[in-house]
Amino acid sequence: MPSWVATEEGVEAAEYSVWVTDEQLRPIEGVDLSVVPTHRRLAALPPPKPSGWVAQPDPQRRGGTVVHDSACRSATGGGKELGALEALDALMRPGATACHECAAAEILIPALELGKGYG
């Protein structure tokens, strides 16, 4: 899955790891999955903290929306939690802006530019 990271020079591709269950793994022909590290799932684990993006009403513009990184200090007080594609969709709506106090503008605006001409 493509992923991007904001750097001082701009946005660049990034690699990351994810946790999956054994039901989510599918064999790949010619690939030995026996070397993949495994961990037993503990039943009492709390649900993961949401990550991604948050859309909130814009306090400066009636009917507007601001999309924040979920860790943004300006995103306090609720809002709708969004995945990456939902955040991009939200920014394409009239009156929507990306927060400039967090990584939202640095990451999402270039991603929107990459998608121009494909829809």
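Residues numbered from 1 in each chain as written. Predicted model: local features only at pLDDT ≥ 70, side-chain atom pairs only at ≥ 80, totals over all residues. Heavy atoms only, no water.

Engineer: Sorry, what's going on with the sheet that holds strand E4 (residues 65–69) here?
Structural biologist: Within a sheet, adjacent strands bond to each other through the backbone by hydrogen bonds, running parallel or antiparallel. Ordered by their spatial adjacency, four strands build an open sheet running E5-E3-E4-E6, and the pairing between neighbours is mixed. The open sheet has two edge strands, strand E5 (80–82) and strand E6 (96–98), and neither has a second partner. Here the strands of the sheet are splayed against their neighbours by 30° on average, with no regard to which way each runs. One ladder, built from three bridges, connects E4 with E6; its direction is parallel. Paired with Val67 across the strands is Ala98, a residue of E6. Relative to the sheet, helix H1 (residues 84–91) contacts strand E3 (53–57), E4, E5 and E6, its axis offset from that of E5 by approximately 115°. (Pairing = 2+ DSSP bridges. Helix = DSSP H or I, 4+ residues; strand = E, 2+ residues; numbered from the N terminus. Axes fitted to C-alpha atoms, helices over the stretch in contact; angles between N-to-C directions. Contact = heavy atoms within 4.5 Å.)

Engineer: For this particular structure, what's the right way to read the nonpolar core?
Structural biologist: Within soluble globular proteins, side chains that are nonpolar tend to cluster in buried spots. Counting residues in hydrophobic clusters, the biggest one holds 22 residues, and the most contacted among them are Trp53, Val67, Leu91, Ala104 and Leu108. For this core, the elements supplying multiple residues, two or more each, are E3, E4, H1, E6 and helix H2 (104–115). Per element, the largest residue contribution to this core is six residues, and it comes from H2. Discounting residues that sit within four places of it in the chain, Leu91 has contacts with Val67, Ala96, Thr97, Ala98, Leu108, Ile109 and Leu112. (Core = buried A, V, L, I, M, F, W, Y, C linked by side-chain atoms within 4.5 Å. Buried < 20%, exposed > 50% of the residue type's maximum accessible area, 1.4 Å probe, protein only.)

Engineer: Which parts of the structure should I look at to understand a nonpolar patch on the surface?
Structural biologist: Residues Val20, Leu25, Ile28, Val31, Leu33, Val35 and Val36 make up a contiguous nonpolar surface patch of roughly 580 Å² in combined accessible area. Take Val20: it is sitting in the loop between strand E2 (10–13) and E3. Overall, Val20 belongs to the partly exposed group, its relative accessible area being 44%. (Patch = residues over 30% accessible without salt bridge, like charges linked within 9 Å, V, L, I, M, F, W, Y side chains within 5 Å. Areas by Shrake-Rupley, 256 points an atom, 1.4 Å probe, with all protein chains shown as cover. Salt bridge = Lys/Arg side-chain N within 4 Å of Asp/Glu carboxyl O.)

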